[in-house]
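Residue strings, one per chain:
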Amino acid sequence: MNNRVDMGFAKKSNTSKRWMKQFFSLAIMGIFSCVIVATVPSHQLGYSVFFSMLMMMLMTSFLSEYSNILLDSKDNSVLFHQPISSKTIFAGRLAYILIAALASGLALSAPTLIYVLIRDGLVIGSVLFLSCLLVTFFSVFSALFLYLLLMKVIGGEKFKDLVSYLQIGMALIFLGGYYFSIELLDVKDLANFSFSYEWWGLFVPPMWQVAFIDFFKGVEMDVLKVSMIALALVSPFVLGVFSYKYLSLGLKTDLVKFDNKDVKKQTKSRKYSLSNVYIRLFAVNKQERGLMTVYKKLFSRDRVYKMTVYPAIAYSLFMPLFKVVKAYNEEGGLNAESSPSVYITALYFLSLLFISALLYLSMGDFKNVSDLYRVAPLKKQGIVLSSVLKVLSYNFFLIPLAIGAAFIMYFWGWGHMLSVLTVFFAVSLTCILRLLSGSFKLPLSISKAEMGNSGMAVMMVGTMALLAMLGVLHYFIMLVPYGLIVYTSILAIGYFVSMRVLRVKSLK
Amino acid sequence: METIISIKNLSKSFRNGGVEKQVIKDISLDIPKGKVIGYIGPNGAGKSTTVKILCGILDGFKGKVEIFGKPVGADVLEVKKRVGYIPENGALYDTLTPIEFLSFIASLHDIPTDEAEKKIMSFLAFFDMTAHMHMRMNTFSKGMKQKILIISGLLHNPEVIFMDEPLSGLDANAVLLVKELINSLVKDGKTVFYCSHLMDVVEKMSDEIVMINDGVIIAQGECKDLLVKEDVDSLENLFAKLTGNTEQKERVSKFVESY
């Protein structure tokens, strides 16, 4: 089971180093919540935010990683004919998930725990530690409860589809909410904030932990607070015990149903659909047309790929949307006289989804298809990469850019439309150069476990930095007469030349 | 008779964790046109490696390998257009339907769309797969996927066909169909290089046998001549005799006694 959960431990060598790296990365992320706890005058508000962030991170991890352990049906044929009960299988998987969740939870809480221990002493520090454990258990058990219940009600492919969309949707909400909360947080308002326990707090798990800490801080108790404390202490175990005793019964049957692939009849796509017209227009030859057609289908049907890439929609759409709305409010409207930096920023942010899609393009389960491309009469296998680049452009870039273009046209007018082309060529050229510089990996050919996460965060940060640089360059070039025309022309030539070079890259 | 495949002093090694293992050791072979060559040997003998070299999948070998008088390698398009490969356990894009996958293969071979559609429909009907042609292949059994792989290797009407355990997973009817198909392909002037460890199947189908063990050719020629020469009644016994493994019965009874 060790290769089930990625968690950055994808490669089997140097496992302990990867544990430390993962722990350290999470602890760095936990510093933000520590800053909140340290700076917010109301300790209850500070702890509410802390526990909310902790729960959010754990739930996101559950959605993206731990659920794969629970729902893994790959060893059905190995385990299920052995004399092992559903409860045992559930317990084994639960133990694995809990260990991983506890390690992540403690890493995220470490900065805050250390700070509170120093500031408030051993008692409060210990209570906070216990609260973090309770929050971790609650996050894991509530997610497990939901999944097991849904598995009973809906099985097979429908459940997998539901889980996929649920995971994408929740990742979007969490990432978008996380981003918005950072943007909306105004430190000046926090000084005057007055925290109070309300009845609706009974439905907000982070507040239960706040009440638990307040008990040890000597805050006066009432029925509401005591109820919250009871919920904090009891709910994780009730959910866990219920899941183990009742919902895990029949897990084997549920997993077998889960593994049964519903026979899906595929309808033929329309000959003149937008995507088919795009393929006909932009494929250089019949082979590229075939490759683009097939990869369009493969990417749209690959659940793991979609679940990994689609959450980037949060950054790609929410960030520019937020920037534009903020600028609109600050300036009382947008028009041709408004600074183009607004739309330049928005356009480059829109490309984040495309870049994420490209960073993960090798992720998939088609490990042995390289022979197919070596045997096929392709001049060079690089045509696979050029085809995929065009497909991903269509799927993740051109439509957001078109929306951006409509927006620019509406507020700034036709005269600024060239920037859309500039962004397209700048980002696409950057992506092609990335593909040319790296080793040739076939699309959808490396499992998620093998890919790992450890390099991706760095690549994502690097990519965002690069986009920022391109945006700044774009903005300053616009100040030079005819600068943008010349710059865009150079980018366009670079794009077409590098695309030709990409097509002749060989698969080793 | 025209030689269509020429192998001279072929050797191939693989490096695994710092240790070099020689998988093919200096083999030479000339394969005539229009024959079924049975390339047989046990697991790990070097059969699949030989086939992959011939198809241009593997490089980094020593020796000379030519098909149609042209050296094989990654860049020889002419050879690849005329060669078909049916792998054992080949990867398919199983989230596609047979129609989608085979249309994709046809596009890689630059087969005109109308012609490709006709051929695909005809092959699917031949293998009784028409009812499944719009179903995603991730619901298919092993045998069904193997049929699609066979079609993908033959769709472009290759002159030389490399088959690596093509009957793997097929039901009895499909096995008969494939055998008949191979016979008619050969009558049509094609050359079939048939790789297998199932010697009884190969014995019945092949014009010539090449037997390989541990990277070395240990026998070559027409099946009946080889059997007469070594005074055995089957290829299995021939293999056992040539490799010195004649005490299988004693080994089995000892093992069963101790089990």
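Scroll up to find the structure.
So, here is what we can say about the structure in this document. In this text, all values refer to a predicted model and were calculated from it rather than measured experimentally.

1. Notes on the overall build of chain A
Stage number 1. The helix and strand tally for chain A stands at 22 helices and zero strands.
Stage number 2. Across the 508 residues that make up chain A, the buried fraction comes to 39%.
Stage number 3. Intrachain contacts of chain A at a sequence separation of at least 6 include 83% that bridge at least 24 residues.

2. Structural notes on the overall build of chain B
Stage number 1. Looking only at helices and strands, chain B features 10 helices and 10 strands.
Stage number 2. For a compact globule of 259 residues, the expected C-alpha radius of gyration is about 18 Å, and chain B comes in at 19 Å, within 12% of that figure.
Stage number 3. For the C-alpha atoms alone, the extent of chain B along its principal axes is close to 55 × 45 × 45 Å.
Stage number 4. For chain B, the proportion of its 259 residues judged to be buried stands at 41%.
Stage number 5. Here the contacts in chain B between residues at least 6 apart in sequence split such that 66% fall between residues at least 24 apart.

3. Some remarks on the packing of helix α19 (residues 418-437) of chain A against helix α22 (residues 483-503) of chain A
Residue and element names in this part refer to chain A.
Stage number 1. The interhelical angle for the contact between α19 and α22, taken along N-to-C directions, is 35°, at an axis separation of 9 Å. Here α19 runs over α22; the crossing is left-handed. Facing L418, L421, T422, F425, A426, S428, L429, I432, L433, L435 and L436 of α19, the residues of α22 in contact are L484, I485, Y487, T488, L491, A492, G494, Y495, S498, M499, V501 and L502.
Stage number 2. Tallied by class, residues from the contact of α19 with α22 come to 18 nonpolar, five polar and no charged.

4. Concerning the interface of chain B and chain A
Stage number 1. Taken residue by residue, the interface counts 26 residues in chain B and 27 residues in chain A.
Stage number 2. Among the elements of the structure, α2 (77-82) and α3 (98-108) of chain B are those that each provide at least two residues to the side of chain B that touches chain A.
Stage number 3. Of all the elements, α3(B) adds the most residues to the side of chain B that touches chain A, at four residues.
Stage number 4. Of the residues that constitute the side of chain B that touches chain A, the class distribution is 12 nonpolar, nine polar and five charged.

5. Topic: the sheet that holds strand β7 (residues 160-164) of chain B
Residues and elements named next belong to chain B.
Stage number 1. Overall, mixed pairing links the six strands, which are arranged β6-β7-β8-β3-β9-β10 in an open sheet. The open sheet terminates on both sides in strands that have one partner only, identified here as β6 (83-86) and β10 (216-221). Ignoring strand direction, the axes of neighbouring strands in this sheet form an average angle of 15°.
Stage number 2. Note that β6 and β7 share four bridges and pair parallel. Counterpart to V83 in the pairing with β7 is V160.
Stage number 3. Contacts between helix α1 (residues 47-55) and the sheet are confined to β3 (36-40), β6, β7, β8 (191-196) and β9 (208-213), with β7 contributing the most and set at about 150° to the helix.
Stage number 4. Contacting β3, β7 and β8, helix α6 (residues 172-187) runs over the sheet at an angle of about 145° to β8.

6. Looking at the nonpolar core
Stage number 1. Counting 141 residues, the largest nonpolar core has F354(A), A357(A), L392(A), L54(B), F162(B), F193(B) and Y194(B) as its most contacted members.
Stage number 2. The element best represented in this core is helix α18 (residues 382-411) of chain A, accounting for 12 residues.
Stage number 3. Ignoring anything within four residues of it in the chain, the contact list for F354(A) reads L392(A), S393(A), F396(A), F397(A) and V427(A).
Stage number 4. Counting 52 residues, the second largest nonpolar core, distinct from the first, contains L94(A), A100(A), Y147(A) and M228(A).

7. What to know about unusual backbone geometry
Stage number 1. Positive phi outside glycine occurs at L444(A), with the angle close to 60°.
Stage number 2. Residue class for L444(A) comes out buried when judged on the 23 C-beta atoms lying within 10 Å of it.
Stage number 3. A positive phi angle, near 50°, is found at E165(B), a position not held by glycine.
Stage number 4. Relative to the helices and strands, E165(B) is located in the loop between β7 and α6.

8. Some points on helix α14 (residues 312-331) of chain A
Residue and element names in this part refer to chain A.
Stage number 1. Between its first and last C-alpha, α14 extends 29 Å over 20 residues, near the 28 Å set by a 1.5 Å rise per residue.
Stage number 2. Those residues of α14 that fall on the buried side of the exposure criterion are A312, A314, Y315, S316, M319 and P320.
Stage number 3. Remark: G332 follows α14 within two positions and exhibits a positive phi of approximately 70°.

9. Side note on the pairing of strand β4 (residues 62-67) of chain B
Residue and element names in this part refer to chain B.
Stage number 1. Pairing of strand β1 (residues 3-16) with β4, which is carried by five bridges, proceeds in the antiparallel orientation. Counterpart to I5 in the pairing with β4 is I67.
Stage number 2. A loop of two residues connects β4 with strand β5 (residues 70-71), the two strands running antiparallel in sequence, and F68 in this loop sits at a positive phi of about 55°.

10. Comments concerning the sheet that holds β5(B)
Residue and element names in this part refer to chain B.
Stage number 1. Read across the open sheet, the four strands follow the order β2-β1-β4-β5; overall the sheet is antiparallel. Each end of this open sheet is capped by a strand with a single partner; those strands are β2 (19-32) and β5.
Stage number 2. For β1 and β2, the ladder comprises 10 bridges, and the chain directions are antiparallel. Residue pairing in the sheet places T3 in a bridge with P32 of β2.
Stage number 3. Along the sheet, α1 contacts β1, β2 and β4; its crossing angle with β1, the most-contacted strand, is approximately 115°.

What counts and how
- Residues numbered from 1 in each chain as written.
- Chains lettered and ligands numbered in written order.
- Predicted model: local features only at pLDDT ≥ 70, side-chain atom pairs only at ≥ 80, totals over all residues.
- Helix = DSSP H or I, 4+ residues; strand = E, 2+ residues; numbered from the N terminus.
- Buried ≥ 20, exposed ≤ 12 C-beta atoms within 10 Å, placed from the backbone.
- Contact = placed C-beta atoms within 7 Å.
- Rg over C-alpha atoms; globule rule 2.2 N^0.38 Å.
- Axes fitted to C-alpha atoms, helices over the stretch in contact; angles between N-to-C directions.
- Left-handed = near helix turned anticlockwise from the far one by under 90°.
- Nonpolar A, V, L, I, M, F, W, Y, C, P; charged D, E, K, R; others polar.
- Pairing = 2+ DSSP bridges.
- Core = buried A, V, L, I, M, F, W, Y, C linked by C-beta atoms within 7 Å.
- Expected span 1.5 Å × (residues − 1).

Read these as layout, nothing more, since geometry by itself doesn't imply function.
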